[in-house]
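# An overview of the molecular structure
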Amino acid sequence: MKERWLTGINNLKRDIKEAPKPWIAAAMIILFVVFRWGKKILGLDSLGITTDYPAVPGMAVMMLVLSVIALAVIFWYVLRAKEFRSDKMYLRCGLLLGALYLFILPPLCAPDEWVHYVTAYKVSNQILGVEPLDEQGEVMVQEEEMQANDGAFPDAEQYQYFWTHYFGKETGDELVASGKGPNGYYMLPYLPQAIGITVARIFNLNFATRILFGRICNLIWAVVAISLAIRWMPFGKKILFCVGMLPMTLHELASNSYDAWIIAFSMMFIAYCMKLAYEKATVDRRDIAILAVLIALLAPCKVVYAPLIGLCLLIPKEKFGNTKRWVISASVVLGAVVVIMLLLNGRILGSYVTEDTSEHIIGWAGEPGYTISYFLEHPMEYPKIIWNTLTIGDMGLPKNYLQDMLGRVLGWLDQNLKMPQIYYTALVLLTLGHFISVDGEVKVFRRWNKLWMTVLVAAIFLLVLTSMLLSHTPISQAHVHGVQGRYFLPILPLMALVIFKDVGLVVKKDRQKLLSAAFAVFHVLLMAQLFGQVITVHLAG
């Protein structure tokens with residue numbers, strides 16, 4: 001018996017010694033993840049979860065299984081792929097890790113998700129040929145939707161409700177007014193979510209499933225779009241990969257928010273401009289059409305990102321053949337943006353110019369707001385308010401914008417979804433590691449290229465502040481109200497290119513896939529941490 005045990009131990013030692021070291025490391029990481037998630041699951045009994053919320057332990061087990069599957073698929077690609085490609089890596093990471101965000105951060109906990117869901121429901125009504133609005137302009141929804149808690153914070157009760165209602169049948173088909181109008185006039189950003197909602201309605205599935213299907217469709221299309229942007233990008237692919245992998249980005253992609261549309265199309269436009277400017281030898285009609293379509297689909301969603309069109313000036317005139325073709329091409333792209341913005345945003349933009357402050361009421365405050373007319377009469381007030389916002393505002397200081405943009409706090413800035421300092425430090429290090437150029441990348445930017453991109457970033461930053469000043473800030477406030485770091489995600493790739501590209505800092509090419517794999521592990525551990533925080537804090541309270 002002793003000899004048999006010794007033989008078995010020796011064989012095990014030999015197998016471990018002969019096994020490829022990367023596979024051993026991957027297996028140890030997965031075991032560590034299982035241990036971390038396992039501690040959360042085993043600790044649920046002591047919190048009374050099993051009695052009060054019996055579905056939560058089962059949900060936690062499913063999240064553990066999904067985590068292991070996600071890491072197994074990701075590490076299989078990292079260790080087996082002959083040629084590592086960031087776009088293929090993102091496709092795997094975005095879909096698999098985004099699925100964790102779908103469930104750990106349940107419906108309606110993303111910023112303004114109820115408004116976005118109701119707007120997507122309007123598009124679903126139009127697809128199904130149902131009257132989308134009532135006489136007051138409120139979106140018609142099914143009665144079960146009215147039980148939703150707008151701006152909900154995740155807790156054990158929410159987990160229990162959604163986990164037990166997913167894929168349930170609808171109990172009634174009567175439509176009622178939602179109490180909310182659609183979010184603006186531009187409905188295309190809600191088409192992916194509306195498709196998911198429509199599929200659920202066709203199969204007579206309930207509210208929990210409708211909102212889940214909307215999230216799933218939004219996640220799938222946005223991940224595919226960002227993967228395409230990474231493929232187009234001639235250099236700095238890791239930058240787009242990283243921005244797409246930030247916790248705040250995945251949180252928005254895995255919700256019903258139209259931020260997924262904005263982030264995806266901004267990345268695609270930036271990538272295609274870089275492709276034409278620094279990789280493609282000539283620019284043809286197809287390229288012009290792609291640029292025009294991309295910016296025309298992006299700009300009406302949030303006018304503040306329209307200055308991205310200035311990236312087209314990085315493309316050398318010589319690639320167009322002659323000056324005449326360059327002028328025609330510029331007119332086509334610029335004309336597409338101007339026409340669609342006037343059609344879809346003209347009414348809103350006009351109100352900021354023509355309205356008197358007494359007529360322009362900020363909804364949440366019930367007070368008059370700032371208008372362009374006001375600043376024309378008081379020109380020194382504008383720079384003073386901007387300065388106050390950057391120094392003493394309620395969201396204040398660029399440091400806070402940076403934390404919000406990376407995703408230090410998720411949900412409606414819910415402190416129970418705030419990652420611990422050690423996680424935030426790891427996130428910052430992973431981000432910096434991805435922003436640094438890969439060894440062997442050719443230097444492409446001239447000084448004026450970076451200067452021009454800096455001007456565009458500054459213009460968009462100022463427009464974001466201005467838009468929130470006009471639309472969300474009562475005149476009684478001396479700083480811009482409501483600015484959140486996630487508004488700067490669409491220009492983060494440009495900021496990273498300006499700061500980190502061609503500055504001499506590089507990471508070895510064979511290590512970029514390890515950085516990407518480390519990001520995947522980070523997300524799995526982060527979701528386990530936030531799940532534990534939500535359960536522990538809410539039950540303790």
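Residues numbered from 1 in each chain as written. Predicted model: local features only at pLDDT ≥ 70, side-chain atom pairs only at ≥ 80, totals over all residues. Heavy atoms only, no water.

## Quick word on the overall build of the chain
- Within the chain, the regular secondary structure consists of 21 helices and six strands.
- Evaluated residue by residue, the chain yields a buried proportion of 53% over its 541 residues.
- The long-range fraction of contacts in the chain, counting pairs at least 24 apart against all pairs at least 6 apart in sequence, stands at 80%. (Helix = DSSP H or I, 4+ residues; strand = E, 2+ residues; numbered from the N terminus. Buried < 20%, exposed > 50% of the residue type's maximum accessible area, 1.4 Å probe, protein only. Contact = heavy atoms within 4.5 Å.)

## A short note on the packing of helix α16 (residues 381-391) against helix α19 (residues 447-472)
- One way to put it is that α16 packs onto α19 with a least axis distance of 11 Å and a crossing angle of 105°. On the basis of the axis angle, α16 is roughly perpendicular to α19. In this structure, α16 contributes Y382, I385, I386, T389 and L390 to the contact, and α19 contributes F461, L462, L465, T466 and L469. (Axes fitted to C-alpha atoms, helices over the stretch in contact; angles between N-to-C directions. Parallel < 35°, antiparallel > 145°, perpendicular 65-115°, else oblique.)

## Let's talk about the pattern of salt bridges
- Summed over the entire model, instances satisfying the criterion amount to 11 salt bridges.
- In this structure, D112 and R486 form a salt bridge, with 3.6 Å as the shortest nitrogen-oxygen distance. A residue pair is termed long-range when its members are at least 10 positions apart, and D112 in the loop between α5 (86-104) and α6 (113-127) and R486 in the loop between α19 and α20 (492-500) qualify at 374 residues.
- We note a salt bridge from D259 to R486, for which the minimum N-O separation is 2.6 Å. Here D259 is found in helix α12 (residues 259-278), whereas its partner R486 is found in the loop between α19 and α20, with 227 residues between them in sequence.
- For R486, a relative accessible area of 7% corresponds to the buried category.
- A cluster of three or more residues bridged by salt bridges with shared partners is formed by R85, D87 and R231. (Salt bridge = Lys/Arg side-chain N within 4 Å of Asp/Glu carboxyl O.)

## Points about the packing of helix α10 (residues 237-245) against helix α18 (residues 421-435)
- Contact geometry for α10 and α18: axes closest at 7 Å, N-to-C directions at 155°. The angle between α10 and α18 falls in the class roughly antiparallel. On α18, the residues that touch K238, I239, F241, C242 and V243 of α10 are T431, G433, H434 and F435.
- For the contact of α10 with α18, the residue count by class is five nonpolar, three polar and one charged. (Nonpolar A, V, L, I, M, F, W, Y, C, P; charged D, E, K, R; others polar.)

## What about α18?
- The end-to-end C-alpha separation of α18 is 21 Å, in line with the 21 Å expected for 15 residues at 1.5 Å each.
- The complete set of buried residues in α18 reads Y423, Y424, L427, L430, T431, G433, H434 and F435. (Expected span 1.5 Å × (residues − 1).)

## Focus on a nonpolar patch on the surface
- A cluster of nonpolar side chains, namely I127, L128, L188, L191, I195, V199, I202 and F203, defines an oily patch on the protein surface of about 670 Å² accessible area.
- Top element by residues in the nonpolar patch is helix α8 (residues 191-202). It accounts for four residues.
- Mapped onto the elements of the fold, L191 is located in helix α8. (Patch = residues over 30% accessible without salt bridge, like charges linked within 9 Å, V, L, I, M, F, W, Y side chains within 5 Å. Areas by Shrake-Rupley, 256 points an atom, 1.4 Å probe, with all protein chains shown as cover.)

## Side note on the packing of aromatic side chains
- Taken as a whole, this structure holds 31 aromatic pairs when the rule is applied.
- Seen from their ring centres, Y90 and F241 are 6.0 Å apart, and the 85° between their planes marks the pair as edge-to-face. Of this pair, Y90 sits in helix α5 while F241 sits in helix α10, and the two are 151 residues apart along the sequence.
- Relative to Y374, the ring of Y370 lies with its centre 5.4 Å away and its plane at 65°, an arrangement referred to as edge-to-face. Like Y374, Y370 is buried.
- Following the ring pairs from residue to residue traces out a cluster consisting of F103, W114, Y117, Y121, Y161, F162, W163, Y166 and F207. (Phe/Tyr/Trp six-rings, centres within 6.5 Å; stacked < 30°, edge-to-face > 60°.)

## Digging into the confidence of the model for the chain
- Averaged over every residue, the pLDDT of the chain is 83; the share at 70 or more is 82%.
- Ranking the elements of the chain by mean pLDDT puts helix α1 (residues 2-18) last, at 55, and helix α9 (residues 207-232) first, at 96. (pLDDT = per-residue confidence, 0-100.)

## A closer look at unusual backbone geometry
- Even without being glycine, D112 reaches a positive phi, approximately 60°.
- Positive phi, close to 70°, is recorded for F167, a residue that is not glycine.
- Inspection of the secondary structure assignment puts F167 in the loop between α7 (156-165) and β2 (175-177).
- The exposed category is assigned to F167, whose relative accessible area is 54%.

## Things to note about the side chain of R201
- In this structure, R201 sits in helix α8.
- For the buried R201, which has no salt bridge, the nearest side chain bearing the opposite charge is E145, at an N-O separation of 7.2 Å.
- Non-local contacts of R201, meaning those with residues more than four positions away in its chain, are made with Y121, S124, N125, L128, V130, Q142, L175 and R210. (Lys, Arg positive; Asp, Glu negative; His and termini not counted.)

## Re the environment of C217
- Positionally, C217 belongs in helix α9.
- For C217, a relative accessible area of 23% corresponds to the partly exposed category.
- Each C-alpha atom, one on C217 and one on I195, is 7.2 Å from the other, the two residues being 22 residues apart in sequence.
- Among residues more than four places away in sequence, those in contact with C217 are P192 and G196.

## Let's talk about the nonpolar core
- L97, M274, L308 and L311 are the most contacted members of the largest nonpolar core, which has 165 residues in total.
- Here this core gets 16 residues from one element, more than from any other, and that element is α12.
- Excluding its chain neighbours within four sequence positions, the residues that come into contact with L97 are A70, I74, R92, M245, L250, A520, H523 and V524. (Core = buried A, V, L, I, M, F, W, Y, C linked by side-chain atoms within 4.5 Å.)

## Focus: the side chain of T209
- In this fold, T209 is placed in helix α9.
- Leaving out residues up to four positions away in the same chain, T209 has contacts with H165, Y166, F167, G168 and A200.

## Some words on the environment of W448
- Following the sequence through the fold, W448 ends up in helix α19.
- Sequence separation of W448 and L314 is 134 residues, and the distance between their C-alpha atoms is 9.4 Å.
- Among residues more than four places away in sequence, those in contact with W448 are L313 and L314.

## Remarks on the environment of I69
- Topologically, I69 is positioned in helix α4 (residues 55-80).
- When the C-alpha atoms of I69 and L96 are compared, they prove to be 8.4 Å apart, with 27 residues separating the residues in sequence.

## Description of α19
- If you check α19, its first and last C-alpha atoms are 37 Å apart, about what 26 residues at 1.5 Å a residue would give, namely 38 Å.
- Among the residues of α19, those classed as buried are N449, K450, M453, L456, V457, I460, V464, L465, T466, M468, L469 and L470.

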